[in-house]
Amino acid sequence: MNQGVVDPAEVPGLTVDRAFRADDDRGRFVKIHSAGSGAAGGVAWDEVYYSTSSKGVVRGMHLQLPPHDHHKAVHCLKGRAADVVVDLRAGSPTHGRHAVIELDEAEPTVVVVPPGCAHGFQALTDDTVMLYLVSSIHAPEADGGVRYDSFGCRWPLPPTSVSDRDRSLPGLAAFAVDDPRPWRS
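Procedures and definitions
Residues numbered from 1 in each chain as written. Predicted model: local features only at pLDDT ≥ 70, side-chain atom pairs only at ≥ 80, totals over all residues. Heavy atoms only, no water. Helix = DSSP H or I, 4+ residues; strand = E, 2+ residues; numbered from the N terminus. Polar contact = N/O pair within 3.5 Å; in protein donor to acceptor, adjacent residues only side chain to side chain. Contact = heavy atoms within 4.5 Å. Salt bridge = Lys/Arg side-chain N within 4 Å of Asp/Glu carboxyl O. Buried < 20%, exposed > 50% of the residue type's maximum accessible area, 1.4 Å probe, protein only. Pairing = 2+ DSSP bridges. Axes fitted to C-alpha atoms, helices over the stretch in contact; angles between N-to-C directions.

Undergrad: I keep staring at the side chain of S136 and nothing clicks. Help me out?
TA: Mapping S136 onto the fold places it in the loop between β11 (128-134) and β12 (143-145). At 3.1 Å, the side chain of S136 and the backbone oxygen of H68 are in polar contact. What S136 contacts, discounting residues up to four positions off in sequence, is D46, E47, H68, D69 and H70.

Undergrad: Honestly, the pattern of salt bridges in this entry has me stumped. Any pointers?
TA: In a structure, side chains of opposite charge can pair up when their charged atoms sit close to one another. Using the criterion set out here, one finds nine salt bridges in the structure. R26 serves as the salt-bridge partner of D24, at 2.5 Å between the closest nitrogen and oxygen. The class of D24 is partly exposed, set by a relative accessible area of 36%. Classification of R26 by relative accessible area gives exposed; the value is 75%.

Undergrad: Before we go on, may I ask you to explain the sheet that holds strand β9 (residues 109-113) in this structure?
TA: Sheet strands line up and pair through hydrogen bonds in the backbone, either parallel or antiparallel. Spatial ordering of the open sheet is given by β1-β9-β6-β11-β4, a layout of five strands whose pairing is antiparallel. Both edges of this open sheet fall to β1 (15-18) and β4 (47-53), since each of them pairs with a single strand only. Taking the axes of each pair of neighbouring strands and ignoring which way they run, one obtains an average angle of 20° across the sheet. As paired elements, β1 and β9 share four bridges and run antiparallel to each other. Considered in β9, the bridge of R18 is made with T109.

Here it is in structure tokens:
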């Protein structure tokens, strides 16, 4: 077992839900968000974007710092990914621990990451496409996160590529948030 790994259900505010899916002779229809229902229900999304990654690529571990912190919903549109969330909220019962959720286009799933948790993933197939919905406008001055290799996560594959930005993030032990408010779920 990975050091510090927890069941996603143990991380306060982290939700993992199967998306609505209908398959027929035309193909597939998937609903990943509906206001007021499901994992992402009740959250107003301000930005939507996606990334494409080759097998082995690690992206993360990112979050927006207060006062620009946000919820993030993540869904794998194509391929497979090991989705990772690390709890950085001081006072949280899972502070410093992480959850790993396998996302697969064949089983549409939505992971909703609460404010104060960093998010990242590793592409398990070539041409993995990840969709993100976030509840605040990106504020570059509020970018934060921790190094992908600093919190005990054993990535499923040897990382083939990690950005310079992600390599330069502080380790978990050095991460601190200057925020007088407690993190909230």
